[in-house]
Structures are given as C-alpha cells and as structure tokens.
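Observations on the three-dimensional arrangement
The primary structure of each chain is shown beneath.
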Amino acid sequence: MTAAWFDRLSSGLSRTRETLQLRLSSAIGRSRALDDEFFAGVEEALIAADVGALASAELVEKLRAAARKEKIREPNDAIAELVELIAREFPPAGTDPLDDLPAVVLLVGVNGSGKTTTAGKLAEEARAAGHSVVIGSADTYRAAAIEQLRIWAERSGARIVERERGSDPASVAFDAVAAGAESGADLVIVDTAGRLHTSKDLMEELKKVDRVVRKRATVPVRSLLVLDATTGQNAVQQAREFHASLGLDGIVLTKLDGTAKGGIVVAIARELGVPIVRIGVGESIEDMHAFDAREFAQALVGAPA
Ligand SMILES: Nc1nc2c(ncn2[C@@H]2O[C@H](COP(=O)(O)OP(=O)(O)OP(=O)(O)O)[C@@H](O)[C@H]2O)c(=O)[nH]1
Ligand SMILES: [Mg+2]
C-alpha cells in the first residue's frame with residue numbers, strides 16, 4: 001500500500017476515526033491505568049463505531065487478556081494492541097478474486113448500494129493492469145442505469161454488452177459472458193439491478209442470472225455483494241440474506257467515507273467469514289482499493305490523541 005493510498009483511506013475513514021478517537025481519548029483521559037473504566041470506555045467506543053455489541057465485548061475481553069499476558073500498562077500501548085486484535089477479526093486474505101483472472105464477476109446488492117459505480121471502478125482497475133474487460137449491463141429496469149454504465153465503460157475503455165430497457169436481465173448477462181468467452185476477455189463484470197418490487201423478487205431474479213451465467217461461463221464465476229456501509233447494522237442482515245441465497249465469494253463495502261460507523265466492516269467479516277475484497281471511500285475512480293485488514297484497523301483506530 002502506498003502512502004498516498006493510506007492517506008486516502010485514512011481521510012475516507014475520518015468520520016469513523018473521529019468518533020472512535022474521541023471516545024478512546026476520553027477513556028484514556030479518565031484512566032491513567034488499564035482499569036475497568038478504561039476497558040468499559042474502549043467497549044463503548046467500539047459499539048459507537050458499529051463494530052457490534054458482541055464483537056465489541058469479545059474484543060475488549062481479548063484486549064484484557066493480551067494486556068495481562070504482555071504486561072501492558074499504558075493505555076496508549078493497549079490501543080496499539082487493539083489495532084492488532086481488530087486486524088485479526090478478519091478472515092485471512094486468500095487469493096484476490098478480482099486478481100485471479102480470467103473470471104466472471106457478478107455484482108449484486110440492494111438498490112443504491114454502489115454496484116454500478118463499483119463495476120466502473122473495477123473495470124478501470126483491471127484495464128489499468130492491462131486486462132481486457134467486458135461489462136454486462138444486466139440492470140434493464142432503468143434506462144439511466146444502462147447510460148450510467150456506458151459512461152463508466154467508455155471512461156475505462158471496457159467493452160459493454162447492453163440491451164434495450166425491459167430486456168431479460170439473465171439473457172443480457174448470458175450474452176456478456178458469451179462475448180467475454182468468445183473474445184478471450186480476462187474479466188467479465190456483470191452489473192445487476194437492485195430495485196425490484198420485493199426483496200424476494202430480487203433474490204429470485206439474481207438466482208436466475210447466477211444460474212445462467214454459471215452455465216455459460218468457461219472461467220470461474222464469483223459473486224460479490226456490494227454493500228453500503230452507511231446502512232449500519234442492517235448491512236449485516238442484508239449480507240446474511242445474500243450469502244444464504246447466492247453463496248458469496250466476497251464483499252465490496254462502499255461509502256465508508258460517508259459514515260462514522262465504519263466498524264460495521266468488522267461486524268460483517270466476523271459474521272459471514274466472507275472476505276472483504278474492496279472498499280469504496282468516495283465516488284471517483286481512484287476511491288476504491290483492495291482491503292488490507294491491518295491497514296484498515298490502523299486507519300480506523302488511528303493514533304489516539
Ligand atoms: N461517497 C461515496 N459514494 C459512493 C460510493 N460508491 C458509490 N457511491 C455513490 O452512491 C450512489 C449510488 O451508486 P450506484 O453505483 O448507482 O448504486 P447501484 O447499486 O448501482 O444502484 P441501483 O442500480 O439503483 O441499484 C451514486 O451517487 C454513487 O456515486 C463510495 O464509495 N463513496
Ligand atoms: Mg446500478
């Protein structure tokens with residue numbers, strides 16, 4: 001990770017960090033030693049950042065144990081240990097599903113979570129690395145969605161497969177995968193709709209898209225859930241439902257710049273055991289990056305004042 005990226009990540013997470021730091025500093029200020037009041041303050045800070053009640057309690061228990069074992073006496077040293085403990089909450093990073101190409105990547109998620117933007121950012125990332133990219137526009141409900149994706153495709157130099165509004169999403173997805181296979185594309189990205197009458201309809205449609213894509217694909221297919229971090233604890237429930245229906249290979253967490261509750265990332269990773277593969281900290285093409293648990297934990301907690 002470059003220093004520039006760390007700065008972007010850091011500033012993207014600034015709202016969460018400010019919340020955490022304020023509370024951690026006040027926990028430190030109140031207690032010169034690692035007493036019960038200090039640990040209660042740390043727990044309260046984690047809960048306020050949406051790490052989740054259970055996860056926060058467990059982290060604090062681990063912190064107490066580590067402090068005893070390693071004879072940590074200074075609150076600031078305990079906070080440094082907390083960064084390590086948070087980093088360990090994430091499943092170990094395996095192969096990056098967006099780097100292990102060729103592949104077909106299916107982007108799913110509820111409306112407005114950032115799927116189309118993520119499709120554009122991923123196309124740009126892959127193109128910049130020298131890969132050939134096909135984007136399939138399987139959100140056929142909104143005319144604006146097709147247009148929005150076309151702009152991203154042009155910007156990144158990816159090929160786009162689209163059909164007129166109202167077409168069957170699964171058949172557009174099929175065509176995109178076929179186009180990718182025929183042209184030997186490294187990466188096929190399928191953007192899907194998030195807005196349907198009910199979440200049951202959405203899940204049924206996505207399952208159909210998933211089935212059709214897997215049937216046609218000659219390369220590995222990976223389903224990525226795009227989740228809006230600003231939805232807080234609801235995001236955990238959404239992630240659970242998508243994982244149960246589709247079997248997720250990874251999560252892209254967007255809009256971390258827009259929330260003071262970035263701790264939700266910890267809650268989701270713990271709950272699902274699905275790796276976080278990218279995070280979004282802004283709307284522009286540079287505002288997406290691979291996820292690194294330690295860097296993330298560091299940017300989240302920062303150095304308490
Ligand atoms: N601040 C911020 N905004 C983001 C991020 N990712 C996406 N957005 C914004 O969120 C809004 C919705 O993004 P889309 O990519 O259109 O979301 P979608 O999931 O495709 O939405 P539907 O197609 O309606 O389901 C847009 O205004 C994006 O610019 C991010 O990481 N940070
Ligand atoms: Mg969209």
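Parameters and conventions
- Counting of residues starts from 1 at the beginning of each chain's written sequence and follows it residue by residue.
- Chains carry letters from A onward and ligands carry numbers from 1 onward, assigned in written order.
- Only residues with pLDDT of at least 70 are given local features in this predicted model, and only at 80 or more are side-chain atom pairs given and counted; all residues enter the totals for whole chains, interfaces and linings.
- Hydrogen atoms and water are omitted, and side-chain values are computed over all heavy atoms in the structure.
- Elements are defined by DSSP. Helices are runs of H or I of four residues or more, strands are runs of E of two residues or more, and each kind is numbered from the N terminus.
- How far a helix is expected to stretch is found by multiplying one less than its residue total by 1.5 Å.
- Buried means the residue's accessible area, taken with a 1.4 Å probe over protein chains only, is under 20% of the maximum for its type, while exposed means over 50%, and partly exposed covers the values in between.
- Directions are taken from the helix axis to each C-beta atom, and the arc is the one they span.
- Only heavy atoms matter for contacts: two residues are in contact if any of them lie within 4.5 Å across the pair.
- Note on terminology: a nonpolar core comprises buried Ala, Val, Leu, Ile, Met, Phe, Trp, Tyr and Cys residues joined through side-chain atoms within 4.5 Å.
- Axis geometry follows a simple rule: fit a line to the C-alpha atoms, using only the stretch in contact for helices, then measure angles between N-to-C directions, giving values from 0 to 180 degrees.
- Working definition: roughly parallel below 35 degrees, roughly antiparallel above 145 degrees, roughly perpendicular at 65 to 115 degrees, and oblique for all remaining angles.
- The crossing is said to be left-handed when, going from far helix to near helix, the turn is anticlockwise and less than a right angle, and right-handed when the turn is clockwise.
- All amino acids are sorted into three groups, where Ala, Val, Leu, Ile, Met, Phe, Trp, Tyr, Cys and Pro are nonpolar, Asp, Glu, Lys and Arg are charged, and the leftover types, Gly among them, are polar.
- Counted as salt bridges are all cases of a side-chain nitrogen of Lys or Arg within 4 Å of a carboxyl oxygen of Asp or Glu.

Looking now at helix 4 (residues 53–69). Helix length check: helix 4, at 17 residues, gives a terminal C-alpha distance of 24 Å against a target of 24 Å (1.5 Å per residue), a fit within 8%. Those residues of helix 4 that sit buried are Ala55, Ser56, Leu59, Val60, Leu63, Ala66 and Ala67. Down the axis of helix 4, the buried set is contained in an arc of 130 degrees. They therefore lie on one face. Within helix 4, the exposed residues directed more than 90 degrees away from the buried face are Ala53, Leu54, Arg68 and Lys69. Just beyond helix 4, the residue with positive phi is Lys71, at close to 55 degrees.

Attention now goes to helix 10 (residues 234–246). For an α-helix, 3.6 residues make a turn, and residues three or four places apart therefore share a direction. Taking 1.5 Å of rise per residue, the 13 residues of helix 10 would be expected to cover 18 Å, and the 18 Å separating its terminal C-alpha atoms lies within 8% of that figure. Residues of helix 10 that are buried sit in contact with strand 1 (103–108), helix 9 (199–216), strand 5 (221–228) and helix 11 (264–272). Downstream of helix 10 by one or two residues, Gly247 has phi in the positive range, about 70 degrees.

Within soluble globular proteins, side chains that are nonpolar generally end up buried alongside one another. Counting residues in each nonpolar core, the largest one holds 78 residues, and the members touching the most others are Phe90 and Leu253. Setting aside its immediate chain neighbours within four residues, Leu253 contacts Leu227, Ala229, Ile264, Val265, Ile268, Arg278, Ile279 and Gly280. Val105, Leu149, Leu224 and Val226 belong to the second-largest nonpolar core, a separate cluster that totals 19 residues.

Our focus in this paragraph is the packing of helix 10 against helix 11. Axes are the key here: two packed helices are described by the angle between their axes and the distance separating the axes. Running from N to C, helix 10 and helix 11 point in directions that differ by 30 degrees, and their axes come no closer than 10 Å. Taken together, the axis directions place helix 10 and helix 11 in an arrangement best described as roughly parallel. Two packed elements cross with a definite hand, and for helix 10 against helix 11 that hand is right-handed. Residues Ala235, Val236, Ala239, Arg240 and His243 of helix 10 lie in contact with helix 11, whose contacting residues are Ile264, Ala267, Ile268, Glu271 and Leu272. Its residues assigned to classes, the contact of helix 10 with helix 11 shows seven nonpolar, one polar and two charged.

Turning our attention to the pattern of salt bridges. Side-chain pairs of opposite charge can arise where the charged atoms are in close proximity. A complete count under the given rule lists 20 salt bridges for this structure. Residue Glu61 is joined to Arg64 by a salt bridge in which the shortest nitrogen-to-oxygen separation is 3.7 Å. Highlighted residues: Glu61 and Arg64, both in helix 4, separated by three residues, approximately one helical turn. Its relative accessible area of 46% is what places Glu61 among the partly exposed residues.

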